[in-house]
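# Reading the structure
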Amino acid sequence: MSKLLIQGPGRLEGELRVHGAKNSTLPLMAAALLCGSECILHNCPDLSDVDTSVRILRHLGCRTERSGSDVLVDPRGAAHWDIPETLMREMRSSIVFLGAIVSKMGKATLSFPGGCELGPRPIDLHLSALRKLGVSIQEDHGCLRCSAEQGLKGTNIAFSFPSVGATENVLLAACCAKGTTVITNAAREPEICDLADFLNACGGKICGAGDSTIVVEGVKKLDGCEHRVIPDRIAAATYLAAAAVTGSTLTLTHVLPAHMAPVLPVFEETGCQIDVDGETMRIVAPKRLSRMKNVRTMPYPGFPTDAQAPVMTMAAVAEGTSIFVENIFESRYKHVGELLRLGANIKVEGRVAVVEGVQRFSGAPVEAADLRGGAALVVAGLAAQGETLVSGVKHIDRGYESIEKSLRSLGARVIRIPEEPAGKVPICRAAVYQEG
Ligand code: EPZ
């Protein structure tokens, strides 16, 4: 498995275009399955999770082509209703295909999804909502056998927790159901709005997306359309964190600042200056960050759990002590052990992490265990004294487009070291940065 070798510390400078949102692209690709003609999604990121979704759509019989950041999906050849376990296990959002497949095909067979190990990731909210819409679901030996011979029927669905994926699954299943579905305590993330905008552009009748109550009036059919994926607010926050820990000035383009409203105050609390002009955002970081008092992750519009790890890296080298409370996932502090290897001073007690800022990280070999935790280790490596070798890069590639190329374009000294075939003598370090 490839690794990232980072030589720090070093300032970043320049401008970076933020890629399309992973967590919007994936449900949009599932939604394309529902259409009666081809769709083109623009601004899709080049990520391994998107590749997995392409493979799922092709397995189902859809013609799916990628051209740059465009993904074309022609669902007219869809003839299958199962997703192989190997594909299901590659990412969490594979479960969001369930609502679309059962709506389109009247049945679906798939296993429990994979995705980042952030603690148990149940799908009870997905399954209970789909059952209420008329899907019969048999769970045996990890396999879900679903059918809706009588078709799907609109109903009222009240979520006990505003689950992003479960809200997406209901939107996909209810869009062409008979009658109206009212979702209460729905997720309000921008990715939900992006999905509703796409479905409405295809002829759907969804209102209230972005609020806690969404009303879906079932329609007979959806026609394909062209749609531009929203920017990735978490990738943007990650690159802001990279600028913050290195005392840099950085400009991000093609962002939607409104989607980042929950995180920007935390950056400003640490002494970063953030200027916004349309879809451009500029950060000017101080030489040394001040602590951020409390960071509590919450459903949108609260502080996003996906930004917790990269932002914790900032707190780890800030002046003072910061407190984090991870309220969304049970086990989303796997990056803490690796940050300690870099010299951080963090104590975790259940959902609470107390981060005492240190003067500086010192480079070391570290291991990414999940997508955002891995990105946090890269951010830390940029600020660390000496070399940091990050392994487990496949996690990072699921959510960040060529992270090393993006950072190198900003002046960072980072290079991807491909997996060395057994016995090959590692090239000398000095040559690595020149060659990269
Ligand atoms: C989506 O995951 C995102 N993934 C996650 O991003 C993100 O962290 C999460 O939403 C919260 O914002 C994608 O969109 C592909 P949830 P999802 O259902 O849908 C519990 C990243 O790094 N829950 O809102 O799985 C669950 O255990 C990824 O890009 C149930 O109990 O999140 C968790 O504690 C990581 N039963 C909480 O709800 C269910 O049926 C939030 O889950 C579903 C969820």
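Take the overall build of the protein next. The helix and strand inventory of the protein stands at 15 helices and 23 strands. A compact globule built from 436 residues should have a C-alpha radius of gyration of about 22 Å, and the protein, at 22 Å, falls within 12% of that. Taking the principal axes of the C-alpha coordinates as reference, the protein spans close to 65 × 50 × 45 Å. In the protein, buried positions account for 56% of the 436 residues. Sequence separation of at least 24 residues holds for 71% of the intrachain contacts in the protein that already meet a minimum separation of 6. On the protein, roughly 16,900 Å² of surface is accessible, and the fraction owed to carbon and sulfur atoms is 51%. Within the protein, one finds 46 positive and 48 negative side-chain charges whose respective centroids are separated by 2 Å.

Moving on, we come to the sheet that holds strand E17 (residues 294–296). In space, the four strands of this open sheet follow the order E17-E18-E20-E19, with mixed pairing throughout. The outermost strands of the open sheet, each flanked by one partner alone, are E17 and strand E19 (345–349). Averaged over all pairs of adjacent strands, the angle between their axes in this sheet comes to 15°, without regard to strand direction. Both strand E18 (residues 321–325) and strand E20 (residues 352–356) contribute to a ladder of five bridges, which runs antiparallel. Looking at the pairing, Val325 lines up with Val352 of E20.

For the rest of this paragraph, the subject is the nonpolar core. Counting 75 residues, the largest nonpolar core has Phe97, Leu171, Leu172, Phe198 and Leu199 as the members making the most contacts within it. Ignoring anything within four residues of it in the chain, the contact list for Phe198 reads Leu28, Ala31, Ala32, Cys35, Cys39, Leu41, Cys225 and His227.

Attention shifts here to the site of the ligand. Near the ligand, the surroundings consist of 23 residues, among which Asp124, Leu125, Ser163, Asp306 and Ile328 are the closest. In the model, an oxygen atom of the ligand is placed 2.9 Å from a nitrogen or oxygen of the Arg372 side chain. Isolated, the ligand exposes 820 Å² of accessible area, and the fraction of that covered by the protein chains is 89%. Within the residue set of the shell around the ligand, elements represented by two or more residues are helix H1 (22–32), helix H5 (124–132), helix H6 (164–174) and helix H12 (371–383). Examining the composition of the shell around the ligand, we find that three residues originate from one element, H5, more than from any other. Partitioned by chemical class, the residues of the shell around the ligand number 10 nonpolar, six polar and seven charged. Looking at which domains feed residues into the shell around the ligand, each of domain 1 (3–19 + 231–435) and domain 2 (22–228) supplies at least three.

A few words on the sheet that holds strand E12 (residues 214–217). If you trace the four strands from one edge of the open sheet to the other, you get E9-E10-E12-E11, paired in mixed fashion. Because the sheet does not close on itself, it has two edges, and the strands there are strand E9 (156–158) and strand E11 (205–207). Across this sheet, the average inter-strand angle for adjacent strands is 15°, counted without regard to direction. Where strand E10 (residues 180–184) and E12 come together, four bridges link them in antiparallel fashion. Pairing of Ile183 across the sheet is with Ile214, part of E12.

Once that is clear, we can look at the pairing of strand E1 (residues 3–8). Of the pairings in the sheet, the one linking E1 to strand E23 (residues 413–417) comprises five bridges and is antiparallel in character. Note on E23: the bridge partner recorded for Gln7 is Arg413. In this structure, E1 lies alongside strand E22 (residues 386–391), joined through five bridges in antiparallel fashion. Across the sheet, the residue bridging to Ile6 is Thr388, located in E22.

Among the 11 residues that make up H1, 10 are buried, leaving the element largely enclosed by the rest of the structure. Lys22, Ser24, Thr25, Leu26, Pro27, Leu28, Met29, Ala30, Ala31 and Ala32 are the residues of H1 that are buried.

Scanning the entire structure with this criterion turns up 18 salt bridges. The closest approach of N and O atoms between Glu338 and Arg341, which form a salt bridge, is 3.4 Å. Taken together, the residues Glu338 and Arg341, both in helix H11 (residues 334–341) and three residues apart, mark about one turn of the helix. One salt bridge in this structure joins Arg416 and Asp397, with 2.8 Å as the shortest N-O distance. Of this pair, Arg416 sits in strand E23 while Asp397 sits in helix H13 (residues 393–397), and the two are 19 residues apart along the sequence. When its relative accessible area of 25% is taken as the criterion, Arg416 is described as partly exposed.

Interface size is commonly expressed as the accessible area that is lost once the parts come together. Here the protein is partitioned into domain 1 (3–19 + 231–435) and domain 2 (22–228). On a C-alpha basis, the centroid separation for the pair domain 1 and domain 2 is 31 Å. In this complex, domain 1 contributes 24 residues to the contact, which on the side of domain 2 involves 26 residues. Linking domain 1 with domain 2 are two salt bridges. Note that Asp49 is salt-bridged to Arg398, the shortest N-O span being 2.8 Å. Class assignment of the residues belonging to the side of domain 1 that touches domain 2 gives a composition of eight nonpolar, four polar and 12 charged.

Let's shift gears to the environment of Pro75. For Pro75, the position within the fold is in the loop between strand E5 (70–74) and helix H3 (85–88). C-alpha of Pro75 to C-alpha of Ala187: the two residues are 112 residues apart in sequence and 27 Å apart in space. With residues near it in sequence (within four places) discarded, Pro75 still touches Ala32, Leu33, Cys35, Ser37, Glu38, Cys62 and Lys104.

Let us now look at the packing of aromatic side chains. Summed over all chains, the structure comprises one aromatic pair. Considering the side-chain rings of Tyr239 and Tyr400, the 6.4 Å spacing of their centres and the 85° angle between planes classify their relative orientation as edge-to-face. In this pair, Tyr239 sits in helix H8 (residues 233–245) while Tyr400 sits in the loop between H13 and helix H14 (403–408), placing the two residues 161 residues apart along the sequence. Accessibility expressed as a relative area gives 4% for Tyr239, which makes it buried. Accessibility expressed as a relative area gives 0% for Tyr400, which makes it buried. The aromatic ring of Trp81 is capped on one face by Lys107, whose charged end is 3.8 Å from the ring centroid.

So, how was this worked out
- Residues numbered from 1 in each chain as written.
- Predicted model: local features only at pLDDT ≥ 70, side-chain atom pairs only at ≥ 80, totals over all residues.
- Heavy atoms only, no water.
- Helix = DSSP H or I, 4+ residues; strand = E, 2+ residues; numbered from the N terminus.
- Rg over C-alpha atoms; globule rule 2.2 N^0.38 Å.
- Buried < 20%, exposed > 50% of the residue type's maximum accessible area, 1.4 Å probe, protein only.
- Contact = heavy atoms within 4.5 Å.
- Areas by Shrake-Rupley, 256 points an atom, 1.4 Å probe, with all protein chains shown as cover.
- Lys, Arg positive; Asp, Glu negative; His and termini not counted.
- Charge placed at Lys NZ, Arg CZ, Asp CG, Glu CD.
- Pairing = 2+ DSSP bridges.
- Axes fitted to C-alpha atoms, helices over the stretch in contact; angles between N-to-C directions.
- Core = buried A, V, L, I, M, F, W, Y, C linked by side-chain atoms within 4.5 Å.
- Near = heavy atom within 4 Å.
- Polar contact = N/O pair within 3.5 Å; in protein donor to acceptor, adjacent residues only side chain to side chain.
- Nonpolar A, V, L, I, M, F, W, Y, C, P; charged D, E, K, R; others polar.
- Domains from an automatic or database assignment.
- Salt bridge = Lys/Arg side-chain N within 4 Å of Asp/Glu carboxyl O.
- Phe/Tyr/Trp six-rings, centres within 6.5 Å; stacked < 30°, edge-to-face > 60°.
- Lys NZ or Arg CZ within 6 Å of the ring centre and 35° of its normal.

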